[in-house]
Amino acid sequence: MSTSKTIKSALISVFHKNGLAPIVQKLNELNVTIYSTGGTEKFIKELGIDVVPVEDVTSYPSILGGRVKTLHPKIFGGILNRQDHQGDVAEMKEYNIPQLDLVIVDLYPFEKTVASGAAEEAIVEKIDIGGISLIRASAKNFKDTFTVSSMEQYDAFLEILSEGKGETSMEQRKKFAAKSFNVSSHYDTAIFNYFNEDEVVFKASETTSKVLRYGENPHQKGYFFGNLDAMFDKLHGKELSYNNLLDVDAAVNLMNEFIGEAPTFAVLKHNNACGFAQRNTIKQAYVDALAGDPVSAFGGVLIANKEIDAETAAEIHKLFCEVVIAPSYSDEALATLKGKKNRVLLIQKSTELPVQNVRTALNGLLVQDKDSKTDTLDDLTYATNTKPSESELKDLLFASKICKHTKSNTIVFTKNNQLLASGTGQTSRVDALNQAIEKANNFGFDLKGAVMASDAFFPFPDCVEIADKAGIKSIIQPGGSIKDHLSIDYCNTHNLSMVITGTRHFKH
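In what follows, the accompanying structure is described. (Residues numbered from 1 in each chain as written. Predicted model: local features only at pLDDT ≥ 70, side-chain atom pairs only at ≥ 80, totals over all residues. Heavy atoms only, no water.)

### Thoughts on the overall build of the chain
So, point 1. Scanning the chain from terminus to terminus reveals 19 helices and 23 strands.
So, point 2. Since a compact globule built from 508 residues should have a radius of gyration of about 23 Å, the 31 Å found for the chain marks it as more spread out than a globular shape.
So, point 3. Seen through its C-alpha atoms, the chain measures out along the principal axes to roughly 100 × 50 × 40 Å.
So, point 4. Residue burial in the chain is summarised as follows: out of 508 residues, 46% are buried.
So, point 5. Contacts spanning at least 24 positions in sequence make up 56% of the contacts within the chain whose residues lie at least 6 apart.
So, point 6. With an accessible surface of roughly 25,500 Å², the chain has 50% of that area assigned to carbon and sulfur atoms.
So, point 7. Where the 54 positive side-chain charges of the chain centre and where its 64 negative ones centre are 4 Å apart. (Helix = DSSP H or I, 4+ residues; strand = E, 2+ residues; numbered from the N terminus. Rg over C-alpha atoms; globule rule 2.2 N^0.38 Å. Buried < 20%, exposed > 50% of the residue type's maximum accessible area, 1.4 Å probe, protein only. Contact = heavy atoms within 4.5 Å. Areas by Shrake-Rupley, 256 points an atom, 1.4 Å probe, with all protein chains shown as cover. Lys, Arg positive; Asp, Glu negative; His and termini not counted. Charge placed at Lys NZ, Arg CZ, Asp CG, Glu CD.)

Next comes the structure, spelled out in structure tokens:
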């Protein structure tokens, strides 16, 4: 028995009519009977094409302000009947139900209405009832019925319609049924998340996706779910990889701490800042950021909070880097940076980022609020007899911002708005501290007068003692250990200043 079906009748009722006209014209050319209602019916008539009003089938007008139009047994019977089922065939004849071989229906723009800031009454009216019911019914009966559930599917369907001259295969119908259930499940998820206030459940749906070259390693598949075009304008370079995207995410979140501040530049590698500086010009900020660790900068991701000009671009061009991100570039800068064909150049747009972190764990998911807390002067408790100077306070808060975005356990050294070194992702805080000291020494930085930030408390005074001997004279840390007094006592004995924020910034 053939599984191909010829479209002889169609129900069309859509909110978005862009791109619909060629489909309607092709259906008319194929002598397909078209049923419709409301604005779509009017649209089809204006094309000069015959259309049967749904009301003529149901003997009911559109009622309740348009809330009920297509919810009727004669419509759903025409969609859901099984053409190879004798009982269904008999009932279709008994009740004079027209066969519907094709359903083209989309949904009211619920998400766009929510995003517009509309009042709840307007949002509720954009919860589609008839449309989503028609989509589900048609997709369920894919053996006999073809479903087109969004305007994004118009072109693909028109190609099938034209090439097959109205004939469709089981494979095509099932493929579009899957697309339809994707549309309907995404829609219901958006509605639930709008209404939900008390239920502790995780529901997320993202219909925009990108297949990556591979995952973290070449033997792993990788995908990105989200709309990168809303986040960046890509000006040049190869496709972003899985690892690129992780670094870009880390870079964006870090630089968001410095939006609106003086020219600031960061160099990231494996999600951590290996160079960071804030200066009077973006060029000097880059030069001083690179000085923090010119070795790790190789193949890194660069990000600026100001336009990249020609002079800065000339300096960047000397370095092999994977990605450069900035709010804008001068024409001369772009001409220089495009000199490397694979270098990715991005303009960062102002985009609202997710407020939660989601990751897989064991046989489920871990979800948490993002660490949106930035330590400020008002948060500080002065724990020691010696108080930090004004310049030290600025460096302490500067260091705290970087520390917050560095993998734990971490220690960060800064001086004069420059990252001198950091110890990242170590299993002990002492190891992180020693790593930072070694890196600072390797790249010729004098730690005398520098400050230190720690992402978590010091359970013992060993870290402040090691830091003191390295030249550190001011420390910022969250506190919270039952042995805080040991580190504070050491600072008081050796004339170090320490401030406590009260907020831990673990990052795993």
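Here the narrative resumes.
### Notes on the side chain of Ser487
So, point 1. Mapping Ser487 onto the fold places it in helix α19 (residues 484-493).
So, point 2. Accessibility expressed as a relative area gives 0% for Ser487, which makes it buried.
So, point 3. When sequence neighbours within four positions are dropped, the list of residues in contact with Ser487 reads Phe458, Phe460, Pro461, Val464 and Met498.

### Topic: helix α12 (residues 242-255)
So, point 1. With 14 residues, α12 should cover 20 Å at 1.5 Å per step; its first-to-last C-alpha distance of 20 Å lies within 8% of that length.
So, point 2. The buried fraction of α12 is high, at 10 of 14 residues.
So, point 3. Of all the positions in α12, only Asn244, Leu245, Asp247, Val248, Ala250, Ala251, Val252, Asn253, Leu254 and Met255 are classed as buried. (Expected span 1.5 Å × (residues − 1).)

### Digging into the packing of helix α18 (residues 462-470) against α19
So, point 1. Between α18 and α19, whose axes approach to 8 Å, the crossing angle comes to 25°. Considered as vectors, α18 and α19 are oriented roughly parallel to each other. Every residue of α19 that contacts α18 at Val464, Glu465 and Asp468 is listed here: Ser487, Tyr490 and Cys491.
So, point 2. Considering only residue class, the contact of α18 with α19 consists of 3 nonpolar, 1 polar and 2 charged. (Axes fitted to C-alpha atoms, helices over the stretch in contact; angles between N-to-C directions. Parallel < 35°, antiparallel > 145°, perpendicular 65-115°, else oblique. Nonpolar A, V, L, I, M, F, W, Y, C, P; charged D, E, K, R; others polar.)

### Re the packing of aromatic side chains
For any pair of aromatic rings, the description consists of the separation of the ring centres together with the inter-plane angle of the planes.
So, point 1. A complete count under the given rule lists 12 aromatic pairs for this structure.
So, point 2. Taking 4.8 Å as the distance between ring centres and 45° as the angle between the ring planes, the aromatic pair formed by Phe146 and Phe176 counts as tilted. With Phe146 in strand β6 (residues 146-148) and Phe176 in helix α10 (residues 170-195), this residue pair connects regions lying 30 residues apart in the sequence. As far as the burial class goes, Phe146 and Phe176 line up, both buried.
So, point 3. Taking the centre distance of 5.1 Å and the plane angle of 85° together, the rings of Tyr194 and Phe195 count as edge-to-face.
So, point 4. Under the relative-accessibility criterion, Phe195 is labelled partly exposed at 43%.
So, point 5. Joined through ring pairs, the aromatic side chains of Phe110, Tyr187, Tyr194 and Phe195 make up one cluster.
So, point 6. Across the ring face of Phe176, the terminal group of Lys179 is positioned such that the distance to the ring centre comes to 5.8 Å. (Phe/Tyr/Trp six-rings, centres within 6.5 Å; stacked < 30°, edge-to-face > 60°. Lys NZ or Arg CZ within 6 Å of the ring centre and 35° of its normal.)

### A look at unusual backbone geometry
So, point 1. A cis amide bond links Ser408 to the next residue, Asn409, at an omega of -10°.
So, point 2. Among the structural elements, Asn409 can be located in the loop between α16 (390-404) and β19 (411-414).
So, point 3. Positive phi, close to 50°, is recorded for Leu362, a residue that is not glycine.
So, point 4. Along the chain, Leu362 turns up in the loop between β16 (356-361) and β17 (364-369).
So, point 5. By relative accessible area, which is 91% here, Leu362 ends up exposed.
So, point 6. Located in the positive-phi region is Asn495, a residue other than glycine, with phi close to 60°.
So, point 7. When you line up the elements, Asn495 lands in the loop between α19 and β23 (497-500).

### Points about the sheet that holds strand β18 (residues 381-382)
So, point 1. What the 6 strands build is an open sheet, ordered β18-β23-β22-β21-β19-β20; its pairing is mixed. At either end of the open sheet lies a strand with only one pairing partner, and these are β18 and β20 (419-423).
So, point 2. Taken together, the 4 bridges between β19 and strand β21 (residues 451-454) define a ladder with antiparallel strand orientation. Residue pairing in the sheet places Phe413 in a bridge with Met452 of β21.
So, point 3. Contacting β18, β19, β20, β21, β22 (474-477) and β23, α16 runs over the sheet at an angle of about 35° to β21.
So, point 4. In the packing of α19 onto the sheet, the strands contacted are β22 and β23, and the crossing angle to β23 comes to about 150°. (Pairing = 2+ DSSP bridges.)

### Digging into the sheet that holds strand β3 (residues 33-36)
So, point 1. Read from one edge of the open sheet, 5 strands run β4-β3-β2-β5-β6, paired in parallel fashion. For this open sheet the edge positions go to β4 (52-53) and β6, each flanked by a neighbour on one side alone.
So, point 2. Examined bridge by bridge, strand β5 (residues 102-105) and β6 share 3 bridges and lie parallel to one another. Residue pairing across strands places Ile104 opposite Val148, the latter belonging to β6.

### Considerations on the packing of helix α4 (residues 73-80) against helix α8 (residues 130-140)
So, point 1. Look at α4 against α8: their axes get within 8 Å of each other, and the N-to-C directions meet at 30°. The angle between α4 and α8 falls in the class roughly parallel. Contact residues: α4 offers Ile75, Phe76, Ile79 and Leu80, while α8 offers Ser133, Leu134, Ala137, Ser138 and Lys140.
So, point 2. Taken together, the residues of the contact of α4 with α8 sort by class into 6 nonpolar, 2 polar and 1 charged.

Functional significance is not addressed by these values, which are geometric in nature.
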